[in-house]
Amino acid sequence: MVISAKQFCAETGWPLKTIRRMCRTGQLEHWQRGRVYLLNKDETLVRLELFKNQNIPAQVSDLPRQRKCRITALPDAGFDGYSSRAERMKALLLGKKK
């Protein structure tokens with residue numbers, strides 16, 4: 001029976017992030033329709049039991065890298081003396097100038 005990863009996780013209790021990561025890294029057989037991962041429920045359960053019984057810890061290099069956050073300045077504002085955007089917004093709301 002072919003179901004989506006979200007449905008599979010709702011029925012079996014496995015974390016959705018784990019299932020999606022295993023699909024991305026090729027550990028689970030799946031089909032992709034747009035952004036949806038489709039899994040054969042019976043084959044996936046068998047495969048997950050094998051992984052569970054092997055007790056292999058995840059290697060850091062096996063995990064997908066996270067995107068680096070890029071900090072950019074506002075286009076019309078240079079350094080105005082405020083250390084954070086929250087302080088700048090607070091000053092604007094209270095009418096204070098630095």
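Structure: see above.
What comes next concerns the included structure. Remember, predicted model here, so these are calculated numbers, not experimental data. (Residues numbered from 1 in each chain as written. Predicted model: local features only at pLDDT ≥ 70, side-chain atom pairs only at ≥ 80, totals over all residues. Heavy atoms only, no water.)

### Here we look at the overall build of the protein
Okay, so step 1: Of regular secondary structure, the protein possesses 4 helices and 3 strands.
Okay, so step 2: A buried classification covers 17% of the 98 residues belonging to the protein.
Okay, so step 3: Sequence separation of 24 or more characterises 47% of the internal contacts of the protein that already satisfy a separation of 6 or more.
Okay, so step 4: Carbon and sulfur atoms provide 53% of the accessible area of the protein, an area that totals close to 8,800 Å². (Helix = DSSP H or I, 4+ residues; strand = E, 2+ residues; numbered from the N terminus. Buried < 20%, exposed > 50% of the residue type's maximum accessible area, 1.4 Å probe, protein only. Contact = heavy atoms within 4.5 Å. Areas by Shrake-Rupley, 256 points an atom, 1.4 Å probe, with all protein chains shown as cover.)

### Focus on the pattern of salt bridges
Okay, so step 1: This model, assessed by the stated rule, comprises 1 salt bridge.
Okay, so step 2: Put simply, Lys 41 and Glu 11 hold a salt bridge, and the shortest N to O gap is 2.7 Å. Here Lys 41 is found in helix H3 (residues 41-54), whereas its partner Glu 11 is found in helix H1 (residues 5-12), with 30 residues between them in sequence.
Okay, so step 3: A relative accessible area of 46% places Glu 11 in the partly exposed class. (Salt bridge = Lys/Arg side-chain N within 4 Å of Asp/Glu carboxyl O.)

### A closer look at helix H2 (residues 16-24)
Okay, so step 1: The set of residues buried in H2 consists of Thr 18, Ile 19, Met 22 and Cys 23. Taken down its axis, H2 places every buried residue within 135° of arc, on the same side.
Okay, so step 2: Looking at the buried residues of H2, the elements they touch are H1, strand S3 (36-40) and H3.
Okay, so step 3: Two residues or fewer past H2, Gly 26 is found with a positive phi of approximately 85°. (Arc of directions from axis to C-beta.)

### Things to note about the sheet that holds strand S2 (residues 31-33)
Okay, so step 1: On the basis of which strands lie adjacent, the open sheet formed by 3 strands has the order S1-S3-S2 and antiparallel pairing. In this open sheet, the two edge strands, each paired with only one partner strand, are strand S1 (2-4) and S2. If you compare each strand with its neighbour and ignore which way they point, the axes differ by 35° on average.
Okay, so step 2: Two strands pair when backbone bridges link them, and S2 and S3 are joined in this way by 3 bridges, in the antiparallel orientation. Looking at the pairing, Gln 32 lines up with Tyr 37 of S3.
Okay, so step 3: The sheet contacts of H1 involve S1 and S3, and relative to S1 the element is tilted by about 95°. (Pairing = 2+ DSSP bridges. Axes fitted to C-alpha atoms, helices over the stretch in contact; angles between N-to-C directions.)

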